[in-house]
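Descriptive analysis of the structure
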Amino acid sequence: MRLIDTHCHLYLDDFDPEQDALIAEARASGIEALLLPNVDTETIDRMHQLCDKYPDYAYPMMGLHPTSVKGDYVERLKTIESCLSVRPYIAIGEIGIDLYWDKTWIREQKIVFEEQLRWSLEMHLPVAIHTRDAFPEVFDSIHKVDPQNLTGVFHSFGGTVDDLKEIEKLPNFMIGINGVITFKNSKLAETIQHTSIEKILLETDAPYLAPVPYRGKRNNPVYLWKTAEKVAESYHLSLEETVETTRKNALKLFSNMNWNA
Ligand SMILES: [Zn+2]
């Protein structure tokens, strides 16, 4: 069985100096690729370094994360944009709106999100969307830009059945599920039953959100198997079937890659 971790931040210094060991372990367990979303202008170099070291394994996305949108957003966005013409990326990400930590920059967050959505259309790339306490705002931006032609994933989905139904109205969007689905107080295992497994992508969001029984620890790609098991249980499918379908979903969304699959 082979799995793709569609969202992890293995390049962050949280993992120093164990990146190589963790990649070896992930590979040995059947994790066949890591998709790495960028966060900030400061994380770009480290992400590129990891992808250069593992060109057939670690694939970069490029984008400015909503919690990194502040007063200097014009400059930061320029830096991100300049990267896009230099090397290939599998997606624009991660981008979105986050009103959980701070609502100060809501106007700027929307401007930055919509600008990056437009880039994704121009470049024919999918988007990896981060949304926290901001589903209405994110839907509003998508509908303003181009709901029919945008493609992407709502990474770390933690919404309601209603949010899920809104996503389903968008023809080309998938739902990223991570370790949260294994948490005792999470309703996610139940919520996702309201959509087809054809829409589900598996991710870790490492170093964050490690699944049970590793909850609270530093997450890493090999723990993706725990999330896969829980998704299989939720859909009453075998692990094999779950892994095969979600892998196909990932290959379909990130179709611009030259997978050695
Ligand atoms: Zn992330």
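Preceding this section is the structure that the text describes.
In what follows, the accompanying structure is described. (Residues numbered from 1 in each chain as written. Predicted model: local features only at pLDDT ≥ 70, side-chain atom pairs only at ≥ 80, totals over all residues. Heavy atoms only, no water.)

**Remarks on the pairing of strand β2 (residues 31–36)**
By the criterion of burial, β2 is predominantly enclosed, with six of the six residues buried. Summarising the sheet, strand β1 (residues 3–5) and β2 pair through three bridges and their orientation is parallel. Note on β2: the bridge partner recorded for isoleucine 4 is alanine 33. Read from β1 through helix α1 (residues 19–29) to β2, the crossover connection turns out right-handed. Across three bridges, β2 lies against strand β3 (residues 58–60) in parallel orientation. Of the residues in β3, the one forming a bridge with leucine 34 is alanine 58. Crossover β2 to β3 through helix α2 (residues 44–53) is right-handed. (Buried < 20%, exposed > 50% of the residue type's maximum accessible area, 1.4 Å probe, protein only. Helix = DSSP H or I, 4+ residues; strand = E, 2+ residues; numbered from the N terminus. Pairing = 2+ DSSP bridges. Right-handed = clockwise from strand over helix to strand, strands pointing away.)

**Side note on the sheet that holds β1**
The strand order β1-β2-β3 describes an open sheet built from three strands, whose pairing is parallel. Bordering the open sheet on either side are β1 and β3, each of which pairs with just one other strand. On average, each strand axis in the sheet is tilted by 20° relative to the strand beside it, whichever way the strands run. Lying on the sheet, α2 is in contact with β2 and β3; it crosses β3 at an angle near 140°. Sitting on the sheet, helix α8 (residues 224–235) is in contact with β1 and β2, with an inclination near 115° to β1. (Axes fitted to C-alpha atoms, helices over the stretch in contact; angles between N-to-C directions. Contact = heavy atoms within 4.5 Å.)

**Some words on the coordination of the zinc ion**
For the zinc ion, the full set of protein donor atoms is His7 (NE2), His9 (NE2), Glu94 (OE) and Asp205 (OD), and the range of their distances to it is 2.0 to 2.7 Å. Coordination at the zinc ion is irregular, judged from the four donor atoms that bind it and the angles of 90 to 178° they form at the metal. Between consecutive donor residues of the zinc ion, the sequence gaps follow H-x1-H-x84-E-x110-D. Placement of the pair is histidine 9 in the loop between β1 and α1 and glutamate 94 in strand β4 (residues 92–98), with a sequence separation of 85 residues. (Donors = N, O, S within 2.8 Å, 3.2 Å for Na, K, Ca; no water. Tetrahedral: all angles 85-135°; square planar, octahedral: opposite > 155°, others 65-115°.)

**As for the sheet that holds strand β8 (residues 200–202)**
Pairing between the strands of a sheet comes from backbone hydrogen bonds, and it takes one of two forms, parallel or antiparallel. Strand order in this open sheet of five strands is β4-β5-β6-β7-β8, and the pairing throughout is parallel. Two strands in the sheet have a free side with no partner beyond their single neighbour: β4 and β8. Averaged over all pairs of adjacent strands, the angle between strand axes in this sheet comes to 30°, irrespective of strand direction. With five bridges joining them, β4 and strand β5 (residues 127–132) adopt parallel strand pairing. Considered in β5, the bridge of isoleucine 95 is made with isoleucine 129. Contacts from α8 reach β7 (173–177) and β8 within the one sheet, and its direction differs from that of β8 by about 155°.

**Re the pattern of salt bridges**
A full pass over the atoms with the stated rule returns 17 salt bridges. With its nearest N and O atoms 3.4 Å apart, the salt bridge here joins aspartate 56 to arginine 27. Of the two residues, aspartate 56 is situated in the loop between α2 and β3 and arginine 27 in helix α1; the sequence distance between them amounts to 29 residues. We classify aspartate 56 as partly exposed; its relative accessible area is 38%. Under the relative-accessibility criterion, arginine 27 is labelled partly exposed at 38%. Measuring nitrogen to oxygen at the nearest pair gives 2.6 Å for the salt bridge that ties arginine 76 to aspartate 40. Of this pair, arginine 76 sits in helix α3 (residues 73–84) while aspartate 40 sits in the loop between β2 and α2, placing them 36 residues apart in sequence. Classification of arginine 76 by relative accessible area gives buried; the value is 17%. (Salt bridge = Lys/Arg side-chain N within 4 Å of Asp/Glu carboxyl O.)

**Looking at the side chain of asparagine 249**
Following the sequence through the fold, asparagine 249 ends up in helix α9 (residues 239–253). For asparagine 249, the side chain forms a polar contact with the main-chain oxygen of isoleucine 197, separated by 2.8 Å. In this structure, asparagine 249 is in contact with Met174, Ile197, Glu198, Lys199, Ile200 and Leu201, ignoring residues within four places of it in sequence. (Polar contact = N/O pair within 3.5 Å; in protein donor to acceptor, adjacent residues only side chain to side chain.)

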